[in-house]
Amino acid sequence: MISSKPTKLFMLALQGAQSFRSYTSNAIRKKICIVGSGPAGFYTAQYLLKNKSIEIDIFERLPVPFGLIRYGVAPDHPEIKVVTNSFTKVAQNERCNFYGNVTVGKDVKLSELQDNYHAVVLAYGASQDRTLQIPGEESKNVLSARSFVGWYNGHPDHVNEQILLDTDTAVVIGHGNVALDVARILLQRLDNLKTTDITEYAYEALKKSQVQKVVLIGRRGPLQVSFTIKELRELIKLSGCVTKMNVTDFKGIPEIISSLPRPKKRITQLMYDTASKNETGSSKTCEIKFLRRPNCILSDDQGRVTSLICKINKMEGTFENPQILQTEEEDVIKCGLVLRSVGYKSVLIEPDIPFDKTKHIILNDGGRVEGKENLFCSGWVKTGPTGVIVSTMSGSYETAEKILADIDKLASKPLAGNEIILELLKQRGVKVTTFNHWMEMDKLEQERGKALGKPRVKICDIDEMLEIV
Ligand SMILES: Cc1cc2nc3c(=O)[nH]c(=O)nc-3n(C[C@H](O)[C@H](O)[C@H](O)COP(=O)(O)OP(=O)(O)OC[C@H]3O[C@@H](n4cnc5c(N)ncnc54)[C@H](O)[C@@H]3O)c2cc1C
Ligand SMILES: NC(=O)c1ccc[n+]([C@@H]2O[C@H](COP(=O)([O-])OP(=O)(O)OC[C@H]3O[C@@H](n4cnc5c(N)ncnc54)[C@H](OP(=O)(O)O)[C@@H]3O)[C@@H](O)[C@H]2O)c1
């Protein structure tokens, strides 16, 4: 934990160096630090670096960069990960540094960053998940989609998840794109995963998987799904798998499809056509169920989930103003695995940060943290855990613009930046990785992957990552 302070001598030497620098150069180097190296961190840095007087340090909890691009995006979506090429250019800018294996709030205090940088940007994402708060949720083999995603993607926090795939039926709760990702991974043909960067242990476990059916549970109707058409189409087209929906859940919908806004119109038509076809004959099934409110989870003598009980909802109102009515009717879905995919959740990394405890976001105005003059935020911790990479990009640019508007006022005197912070981390025994270390790890991962015909074999163990330092 945080204990050591910089020595007096070190501080005096540093002040001397700073005053010499400010004497020799009129322009103050504007030092900004960013907490988190996901898309929000990198897009904020990219925008800020356009201003040539700005220097940026990115501090990241893990020894490696890229957040959910590395640990969230599905292994069978390699085209999405290409965005790391532009993040690499940002990190290689001579005015940008990456410092990995540094947890802000644990290894270094936010106040220490605020004291040593002209502005601090919190871009630390959403590292937890929402829960359902229903009885039985703690049963064995009930876990968050976040854990499952982290497991197949090799996130160091999730490599040791115990996930039992010895069951015919898995339930995924939620109708968002994460739910579709995990359903697709469970139902995907293995030869489609073999040449991806999925972890070897997950691939081997999926090889032995007995899951034949995935039931996707949504508490509202077809018009309220959050997943998008490209991802749904991909699921529907999975080879050896049929996607089913109950056409009676579409009552009244065909009549209004043509009046829906365009993206809604297209996805609703696709769902309705799929439901109407009622295809059979494949060995695997993905069943999309609507109007099911998870009510409780039942387990066997060993505490392992055996079924999910849902209450059946009714929808009334209009597309613009839908109303859910609860009924006491039940649907019992027998299953041996439940993945809860009802959204991620940001956490408070330090008590001083103004935080909305209901929405789980930092209180902010367009990226300016409320009541804190040199504190800003970007990404999911700013907006909540929705939005794709492109929307995270535009939100991060908005934050960067706010910083640029304030930076001259904030940078009225020179500050030490990483000169003090790296010394503090050294004194605290924190092994810090740099972007060059990441490039070495990246090379090693790709070399290991080549032998197996994969883009990379991820290093999943933090100690192994740190051997490079
Ligand atoms: C499973 C999943 C799949 C997705 N797939 C796609 C997709 O295919 N296409 C698409 O467009 N969008 C996709 N998204 C959305 C996309 O990933 C997000 O929009 C984006 O990652 C949000 O960026 P962020 O930087 O706010 O958060 P993150 O990407 O989570 O980055 C936050 C970073 O902060 C670090 N951090 C956390 N706490 C600390 C701390 N205390 N100190 C220092 N660092 C810290 C984390 O380790 C992490 O690296 C997906 C999301 C999920 C959950
Ligand atoms: N391929 C891609 O582009 C891709 C892949 C993965 C993720 N992403 C993006 O990442 C973001 C996060 O995705 P996500 O799927 O985690 O979130 P999401 O899109 O917000 O979906 C969450 C789902 O959980 C449901 N839900 C929430 N609370 C619930 C409860 N208590 N009981 C039952 N259901 C509940 C929601 O239903 P209600 O609507 O009824 O609240 C919704 O269907 C999204 O913007 C997504 O598009 C993109």
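Higher on the page you've got the structure.
Summarised in this report is the structure supplied together with it. Numbering of residues starts from 1 in every chain and runs along the sequence as written. Lettering of chains starts at A and numbering of ligands starts at 1, both following the order in which they are written. Residues qualify for local features only when their pLDDT is at least 70, as the model is predicted, and side-chain atom pairs are given and counted only at 80 or more; totals for whole chains, interfaces and linings, by contrast, use all residues. To obtain the side-chain values, all non-hydrogen atoms of the structure were included, while hydrogens and water were left out.

## Examining the site of ligand 1
By convention in these notes, a residue is near a molecule or strand provided one of its non-hydrogen atoms lies within 4 Å of it. E60, L68, W380, G387 and I389 are the nearest of the 31 residues found near ligand 1. Here a polar contact means two N or O atoms within 3.5 Å. Within protein one must be a hydrogen donor candidate and the other an acceptor candidate, and residues neighboring in sequence count only if both atoms are side-chain atoms. For ligand 1, a nitrogen atom lies 3.0 Å from a polar atom in the backbone of R61. Contact between ligand 1 and V104: a nitrogen atom at 3.0 Å from a main-chain N or O atom of the residue. To measure how exposed things are, a 1.4 Å probe is used in the Shrake-Rupley method; for residues, cover is taken only from the protein chains shown. Contact with the protein chains covers 91% of the free accessible surface of ligand 1, which is 1,000 Å².

## Focus on a positive patch on the surface
Taken together, the side chains of R233, K237, R262, K265 and R266 make up a positively charged region of the molecular surface. Think of it this way: any DSSP run of H or I at least four residues long counts as a helix, any run of E at least two long counts as a strand, and we number them from the N terminus. No other element matches the 3 residues that helix α11 (residues 262-277) contributes to the positive patch. Tracing the backbone shows K237 in the loop between α10 (229-236) and β9 (241-245). Note on K237: relative accessible area 64%, which makes it exposed. A residue counts toward a patch only above 30% relative accessible area and without a salt bridge, and it is joined to like-charged neighbours within 9 Å or, for Val, Leu, Ile, Met, Phe, Trp and Tyr, to nonpolar neighbours within 5 Å. Salt bridge criterion: a side-chain nitrogen from Lys or Arg within 4 Å of a carboxyl oxygen from Asp or Glu. The positive count covers Lys and Arg only, the negative count covers Asp and Glu only, and His and the chain ends enter neither. Taken as the charge location is NZ of Lys, CZ of Arg, CG of Asp or CD of Glu. Residue burial is assigned from relative accessible area. The probe radius is 1.4 Å, only protein chains are included, and a residue is buried under 20% of its type maximum, exposed over 50%, and partly exposed in between.

## Details of the packing of helix α6 (residues 145-152) against helix α7 (residues 177-187)
Where helices are involved, their axes are fitted lines through C-alpha atoms of the stretch in contact, as for all axes, and angles between N-to-C directions lie from 0 to 180°. For the pair α6 and α7, the least separation of the axes is 10 Å and the interaxial angle reads 50 degrees. Put simply, α6 runs oblique to α7. Crossing geometry of α6 relative to α7 is assigned as left-handed. Counting all contacts with α6, which are made through A145, F148, V149 and Y152, the residues of α7 involved are V178, D181, V182, I185 and L186. Each angle receives one of four descriptions, namely roughly parallel if under 35 degrees, roughly antiparallel if over 145, roughly perpendicular if within 65 to 115, and oblique otherwise. Each crossing gets its handedness from the near helix: less than a right angle anticlockwise from the far helix is left-handed, clockwise is right-handed. By definition, residues are in contact when any of their heavy atoms lie within 4.5 Å.

## Overview of the sheet that holds β9
Pairing between two strands requires that DSSP report at least two bridges joining them. In space, the 6 strands of this open sheet follow the order β6-β14-β7-β8-β10-β9, with parallel pairing throughout. The sheet terminates laterally at β6 (142-144) and β9, the two strands that pair on one side only. Direction aside, neighbouring strands of the sheet carry axes that sit 20 degrees apart on average. As judged from the 4 bridges shared by strand β7 (residues 169-173) and strand β14 (residues 337-340), these two strands associate in the parallel manner. By the bridge assignment, V171 is partnered in β14 with V338. Sitting on the sheet, α6 is in contact with β6 and β14, with an inclination near 75 degrees to β6.

## Observations regarding the packing of helix α2 (residues 39-48) against helix α13 (residues 389-410)
Direction vectors running N to C along α2 and α13 enclose 45 degrees, while the axes themselves pass 8 Å from each other. Taken as axis vectors, α2 and α13 run oblique relative to one another. Relative to α13, the crossing made by α2 is right-handed. Between α2 and α13, the residues in contact are P39, A40, Y43, T44, Q46, Y47 and L48 and I389, T392, M393, S396, Y397, A400, E401, I403 and L404, respectively.

## As for unusual backbone geometry
In this structure, Q133 is a non-glycine residue whose phi angle is positive, near 60 degrees. Structurally, Q133 can be placed in the loop between β5 (128-129) and β6. Judged by relative accessible area, which is 67%, Q133 ranks as exposed. Backbone geometry places N141, a non-glycine residue, at a positive phi of 70 degrees. The residue N141 is located in the loop between β5 and β6 in this model. For N141, a relative accessible area of 5% puts it in the buried group.

## Observations regarding the packing of aromatic side chains
The pairing test for Phe, Tyr and Trp rings, Trp by its six-membered ring, is centres within 6.5 Å, and the orientation test on the planes gives stacked under 30 degrees, edge-to-face over 60, and tilted for anything in between. Taken as a whole and assessed by the stated rule, the structure comprises 17 aromatic pairs. Measuring from ring centre to ring centre gives 6.2 Å for F66 and F87, while their planes differ by 35 degrees; the resulting arrangement is tilted. Separated by 21 residues along the polypeptide, F66 in the loop between β2 (54-59) and α3 (67-71) and F87 in helix α4 (residues 84-91) bring together distant segments of the chain. You'll find F66 and F87 in the same group, each marked buried. Between F250 and F290, the aromatic rings sit 5.7 Å apart at their centres with planes inclined by 85 degrees, giving edge-to-face as the arrangement. Of this pair, F250 sits in the loop between β9 and α11 while F290 sits in the loop between β10 (284-289) and β11 (292-299), placing them 40 residues apart in sequence. An identical accessibility class is assigned to F250 and F290; each is buried.

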